[in-house]
Every structure is written in C-alpha cells, then in structure tokens.
Amino acid sequence: MIHPTPRLRFAPSPTGPLHLGGARTAMYNWAAARAMGGTFLLRIEDTDQARSTDASLQVILTGLRWLGIDWDEGPAFEGCGGGDYGPYFQMQRLPRYRAAADRLLAGGHAYPCYCTPEEIDVGRKELEAQKAGFYGYNGRCRNLTAEQRAAFERAGRRPNLRFRMPVARVLQVHDLVRGEVEVNTKELDDWVMLRPDGVPLYNFACVVDDIGMQITHVVRGEEHFLNGVKQHLLFEAFGAERPAFAHIPLILNKDGKKLSKRDADTNMLDYRDKGYPPEAVFNYIALLGWSFSGDRDLFTRQEMVEVFRIEGIGKSGAKFDEEKLRWMCGEYVRRWTPAECLERARPWLATVPAEAFTQHRAWLQNVIACYQERIALLGEFQDRIGWLLADPVADEAAQKNLAKDPASRQWLAAYADLLAAGNLPPSYPADRAGADEAVPLPSKKDAPEPVCAFDTPSRIEAATRAFTEQLGVKFGSFVHPVRAALTGTDKGPGLFDVVFLLGKDACVRRLRAAAAG
RNA sequence: GUCCCGGUCGUCUAGUCCGGCCCAGGACCCCAGAUUUUCAUUCUGGUAACACGGGUUCGAAUCCCGUCCGGGAUACCA
C-alpha cells in the first residue's frame, strides 16, 4: 500500500497563469481528496528554469485560493501549506533526483546520452524519411561501450541521462476515466530524465516525487496520457507501487481547440477582477466534464465533495460556454443578502464615496439590492448606479421618452411640486434618518397603502397614482418621462424605488430640469 | 505519418457498464405567453439531439464492426 489514506496532488508549473483547465484539474484532485477523506497537496514543478517565474507562482496560488481550493501540504500561502513531505518545489529537491538517477543507472534502466540537439534532430529526420511512423530519439547512445563513453567525455561532452525503454512491450494501463488501455512501448522513445546540470525533466521528477510524497491517485489532463505510460515503466524500474491514474479530457475553447495558457481570457484572476463570484466559477468549471446529477446544475463546494468520484468524470472534451457561466454568476449574486452583496461588490464601487459605506450603509444596501437581479458580475454595479450619485445625462431612450408627449413637461413640473411638498426622505449624501433601514428594497407592489405620504415606495406609488388621476394622465404614460428625467435611461428598478432612493432634492431638481427642457 | 481517446439538442450534460421504464430527461441560449411603470427577476409553454452505415436481438442511444468527424500525443516543456 502506498499510503493508508488517499494522497492527491496538483502539480502546476509556474510558467504562466492559472487557467481554466488547470483550475479544473486542481479542483478535481481537491474534490477527490476531500471526498475520500484524504490529503490534497500542491507541488510546484519549476524545473523549466527558463520559463518559471515567481509572478506566475503567486498568480496560481492566489487563483486557487480565490476559487476556494485549499491545500494541506505545499507552499505556505494564506494559511495553506506545510507538510512533512517537502520541500514542495522541485528545484529544491535536486539531490533526490540525482540519487534516484544513480539507482536507475546502476540497475541498467538508464544510460548516458552524449548526442547534441543537432544530432538528435538529424536522427529524427532520418526516421521521418524512412516513413517509420514514429519520430522519436533513435537510440544512438543506447549501447555505447565504455570506451566510446570515455571518448565522448574526453571530447568534453556532458551527457543527459535517458531512460532505457523496453523494446516493443505491450502494456496494459488502467485509467480511472478511460478504463483499460493497451500501449506498445515502440510508440515511445528513450526519453531524457536528467540534464547534465542535474535538473530533472518532467516525467522523471514527477515520478520521483510521486513516490517520495506517497501519491495514491494522479488526476491530470489527457495530454499526459502517454507520459503516464512512461511513468508506468519508471515506477516499475524503481520497484514502486503505482498510483491510480485518471486522465481527463481537455477544456476546449469556442473553436473546439485546446484552451491555451496564452489566452488572456483564461487567466483565473481576470475572472476575479471582473467580479465573477468565485463560487459560480467553481460551480461552472466543475460541470465541464463532470455532473452533479442529471437534473441539478447549482451546488456548493461542500455538496460537490459529498458526491464526487473520479470515475464520474466524463471522457469527452467540453467547450467553455461563457453564457452559461454568466447565468450562473447571476444565480449566485441573487442569492446573497443585500448586506453580503454590498460587501462583495465594494472593491468595484470606486465611485461611491467611502463614507457612504459607513454613514449611509442602509441606503447603499438598498441601492445594491435593487440591482442584484439585474447584474451577473460584481463589476457591473458601478455603471448601473451612476445616476444615483450624480445627475445623469439622458441617453437616447430617455430623450425619446421625454419628447414623446409635449404635455409631459407640465406633468413633470407638477410632480416636482408634489414631491417638494411631501415628506420624501432627503437625497444622499444628506442623512436620511433611518428611512432606508425601515424600508427594504426592492419594494413589493402588492399592497400599496392608501395613504398620501412619501416615506415609503408604496406610499409614493399610491400618492402618484392619485396624482395622475387628478391630472387626467394615464399612469403608464406618466411613468416613462419621469423615469427618464430621474435616471437618464429607460431601464432600472421600479420607479417608486427610484424616487425613494433618490430622495427629495434630487428628484425635484431633476424633474424641474427636465420640465424646463 | 503513427498511436491513444472521444462523438446524445447550438452549448454543458443524464441515460450507455447490467439492451426494453427513452418516439431520449435537466440546464444555458433562443422563441412565445403570463405578471408589470421600464429593464430585470419570476412563472408557463415551445423549437431543438442519440454523427453515418452495417450487423446481433423479439427489441439498441445502449452490444459488435466499418466509415466519417473532432481532440490529444509524438521535446534536453510541463
């Protein structure tokens, strides 16, 4: 037994941001570990020194935490990390690879290769010319004599270490997602394990660490399937028990192609910055290749952990659908309480004065509440609520509504007078004296109270309806120019929520301005 | 080229292992209607799929074969 409890890892290379595919792989590993009561760890595969950066590492760790994925072992970050199997950075484990390589060398499973990249290229071209159907390394150094090796050494060549692959051996590989797959080793060449400078390559470092960290299940993208076969042999050469493997299909872009790291839209932190709710992104990504059940799309991380099984992951690739993600974001935003929503949206509300969050919190909460069902991303509040903070410029639709009926000028002026005389709460930033605590918005219009006062939206509505009757104007035609005058547009919350929120001074000022044309 | 995997509504999928409950269910999108002071939300209804061709079987989305299409792999990247 590798370990009495399951141990799964996500092993990103810090050569780019965390993208959707990586996030999903991490999530599946995480969910499987949590579902089985095991351990989830993060191992940083930073052996590509040319491309690895600390910035990428930070982006990856930040992205994972943002999604709500935590790790028991790995780099220390926001309360995650630590563990007894470290270090968790491969560049800090170099001596282990050297020692492991020496064991393989001694056992005849590996050999030094003195070929230069150019020579390898030539060999590959020859195979190609022969139409061999396979273009890997030709095995030139596979059976070098001691003298030949010495000659290369004298010539100053420093060898790579290659793994000696069995010739034409048929392997049965079991995969938790794909089932039983047969692979012939003639499809694989003698691959490089260790560079002359002692820095290992992916397959080698991966297996040494999976053994060292007692990994029990390997869940990763299907681009690693053939690597899995190479690794299969390596575990065997080390005399180590093999973990269970699961190779999951890739996430495809709109064109059905592999989602690329270079695609800016796939950077996890871009989603964060645009105000996508992380639990929605988590929920959505989980569904790309896995399903909670036949008839349910919305679930929490905890609920996923309760039912997740690696075997439940699908075999076919999934295209990323921005529209469904967006819908899901809206679902989450609508579920929050206004207070929670305001707190979450705060980073995107740069134009809202800081004191509003303390002095006029109830008012702000009502503002947010009125837009919760109208937006999907937190970043969308800002533009929508601009009319509340400064007198708006009427857009095209508003101008049209203002110009529709020439008589509307008089209604607007009269309505301004009506509001001016009533007890409508004052406009922000004046203190609204608890009006907003008393009246949660958006208000229901089921029960308009027949009282002609202006301290709640329903009373404003009642008063306004009475007013239009008196004026002899159809309620419907009255409402549109008023909305246009007040908000500068033709969309938004119920008109009397608008009036209530805007308050007396601003309402009167805007109505009179519109009346004056 | 060669090897591996896949192919159910436009998209994500349930069903496929253990053929009949599936003239295929859910969700997004789209369309229509209801509610309504706009937008949105909500509710109701609708359009829409088993890639194709052969088998096996009383019966196939489900099993077998072939074709086509898609994806992945084939590095001194991971």
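See the structure above.
Residues numbered from 1 in each chain as written. Chains lettered and ligands numbered in written order. Predicted model: local features only at pLDDT ≥ 70, side-chain atom pairs only at ≥ 80, totals over all residues. Heavy atoms only, no water.

Asker: What is the right way to read the sheet that holds strand β9 (residues 192–194) from this model?
Answerer: In a beta sheet, neighbouring strands are held together by backbone hydrogen bonds and run either parallel or antiparallel to one another. Taken together, the three strands give an open sheet; going across it, the order is β5-β6-β9, and neighbouring strands pair in antiparallel fashion. Every interior strand has two partners, whereas the edge strands, β5 (110–113) and β9, have only one. Taken pair by pair, the neighbouring strands of this sheet meet at an average axis angle of 45 degrees, ignoring direction. Bridge count for β5 against strand β6 (residues 160–163) is four bridges, and the pairing is antiparallel. Paired with Tyr111 across the two strands is Arg162, which belongs to β6. Where helix α3 (residues 94–106) meets the sheet, its contacts fall on β5, β6 and β9, and the angle it forms with β9 comes to roughly 125 degrees. (Pairing = 2+ DSSP bridges. Helix = DSSP H or I, 4+ residues; strand = E, 2+ residues; numbered from the N terminus. Axes fitted to C-alpha atoms, helices over the stretch in contact; angles between N-to-C directions. Contact = heavy atoms within 4.5 Å.)

Asker: Explain the side chain of Asn29 here, please?
Answerer: With respect to the secondary-structure elements, Asn29 resides in helix α1 (residues 20–35). On the basis of relative accessibility, which here comes to 0%, the residue Asn29 falls in the buried class. Within the local environment of Asn29, its side chain forms a polar contact with the backbone oxygen of Val219, the two atoms lying 2.8 Å apart. Leave out the neighbours within four places in its chain, and Asn29 touches Leu8, Arg9, Phe40, His217 and Val219. (Buried < 20%, exposed > 50% of the residue type's maximum accessible area, 1.4 Å probe, protein only. Polar contact = N/O pair within 3.5 Å; in protein donor to acceptor, adjacent residues only side chain to side chain.)

Asker: Honestly, the packing of helix α6 (residues 202–212) against helix α7 (residues 225–238) in this entry has me stumped. Any pointers?
Answerer: Any two packed helices are characterised by how steeply their axes cross, that is the angle between the axes, and by the distance between the axes. As a packed pair, α6 and α7 sit with axes 10 Å apart at the nearest point and diverge in direction by 50 degrees. The orientation of α6 with respect to α7, classified from their angle, is oblique. Two packed elements cross with a definite hand, and for α6 against α7 that hand is right-handed. Counting all contacts with α6, which are made through Tyr202, Asn203, Phe204, Cys206, Val207, Val208, Asp210 and Ile211, the residues of α7 involved are Asn227, Lys230, Gln231, Leu234, Phe235 and Phe238. By residue class, the composition of the contact of α6 with α7 is nine nonpolar, three polar and two charged. (Parallel < 35°, antiparallel > 145°, perpendicular 65-115°, else oblique. Left-handed = near helix turned anticlockwise from the far one by under 90°. Nonpolar A, V, L, I, M, F, W, Y, C, P; charged D, E, K, R; others polar.)

Asker: Looking at this model, I keep getting lost on the pattern of salt bridges. Mind explaining?
Answerer: Pairs can form between side chains of opposite charge once their charged atoms are near each other. Within this structure, the stated rule accounts for 36 salt bridges. Measuring nitrogen to oxygen at the nearest pair gives 3.3 Å for the salt bridge that ties Arg178 to Glu222. Note that Arg178 is positioned in the loop between β7 (170–175) and β8 (179–184) and Glu222 in the loop between β10 (217–221) and α7, a separation of 44 residues in sequence. Each of the salt bridges in this network shares a partner with another, and the network as a whole consists of Arg9, Arg43, Glu45, Arg93, Asp209 and Asp210. (Salt bridge = Lys/Arg side-chain N within 4 Å of Asp/Glu carboxyl O.)

Asker: Explain helix α20 (residues 457–471) to me, please; I cannot follow it from the model alone.
Answerer: Note: α-helices contain 3.6 residues per turn, so residues at a spacing of three or four share the same orientation. Compared with an ideal rise of 1.5 Å per residue, which puts 15 residues at 21 Å, α20 spans 20 Å between its outermost C-alpha atoms and is within 8% of the ideal. The complete set of buried residues in α20 reads Pro457, Ser458, Ile460, Glu461, Ala462, Ala463, Thr464, Phe467 and Thr468. Of the surrounding elements, those touching the buried residues of α20 are α18 (408–421), α21 (475–487) and α22 (495–502). Immediately downstream of α20, the backbone of Gly472 shows phi near 75 degrees, a positive value. (Expected span 1.5 Å × (residues − 1).)

Asker: What am I meant to see in the protein's contact with RNA strand B here?
Answerer: Lining the immediate environment of RNA strand B, one finds 65 residues, of which Gly133, Arg195, Lys257, Glu373 and Arg374 sit closest. Counting only the atoms of RNA strand B within 4 Å of the protein, the fraction contributed by sugar and phosphate is 70%. Contacts to RNA strand B include Arg195, whose side-chain N or O atom sits 2.2 Å from a phosphate oxygen. At the level of elements, α4 (117–129), β6, β8, α7, β13 (318–319), α11 (322–335), α21 and α22 are the ones that each hand at least two residues to the surface near RNA strand B. Top contributing element to the surface near RNA strand B by residue count: α11, with five residues. Split into classes, the residues belonging to the surface near RNA strand B amount to 21 nonpolar, 15 polar and 29 charged. (Near = heavy atom within 4 Å.)

Asker: Would you take a moment to explain the packing of aromatic side chains for this structure?
Answerer: Aromatic rings in a pair are described by how distant their centres are and how their planes are angled relative to each other. All told, the structure shown has 20 aromatic pairs when counted by the stated rule. When the ring of Trp290 is compared with that of Phe292, the centres are 6.4 Å apart and the planes differ by 85 degrees; the resulting orientation is edge-to-face. Residue Trp290 is classed as buried on the basis of its relative accessible area of 6%. Under the relative-accessibility criterion, Phe292 is labelled buried at 17%. (Phe/Tyr/Trp six-rings, centres within 6.5 Å; stacked < 30°, edge-to-face > 60°.)

Asker: Would you mind going over the packing of helix α12 (residues 338–345) against helix α14 (residues 361–371) with me for this structure?
Answerer: At a closest axis distance of 9 Å, the pairing of α12 and α14 adopts a crossing angle of 90 degrees. Classified by the interaxial angle, the pair formed by α12 and α14 is roughly perpendicular. Contacts from Pro338, Ala339, Cys341, Leu342 and Glu343 in α12 reach Arg361, Leu364, Gln365, Ile368 and Ala369 in α14. Residues belonging to the contact of α12 with α14 are distributed by class as follows: seven nonpolar, one polar and two charged.

Asker: Just to check I follow, could you spell out the pairing of β10 for this structure?
Answerer: For a regular strand, side chains alternate in direction, first toward one face of the sheet and then toward the other. Burial of β10 is extensive: five of the five residues sit out of reach of the surface. Of the pairings in the sheet, the one linking β10 to strand β11 (residues 244–248) comprises five bridges and is parallel in character. For Gly221, the partnering residue across the bridge sits in β11 and is Ile248. The parallel pair β10 and β11, bridged by α7, forms a crossover whose chirality is right-handed. (Right-handed = clockwise from strand over helix to strand, strands pointing away.)

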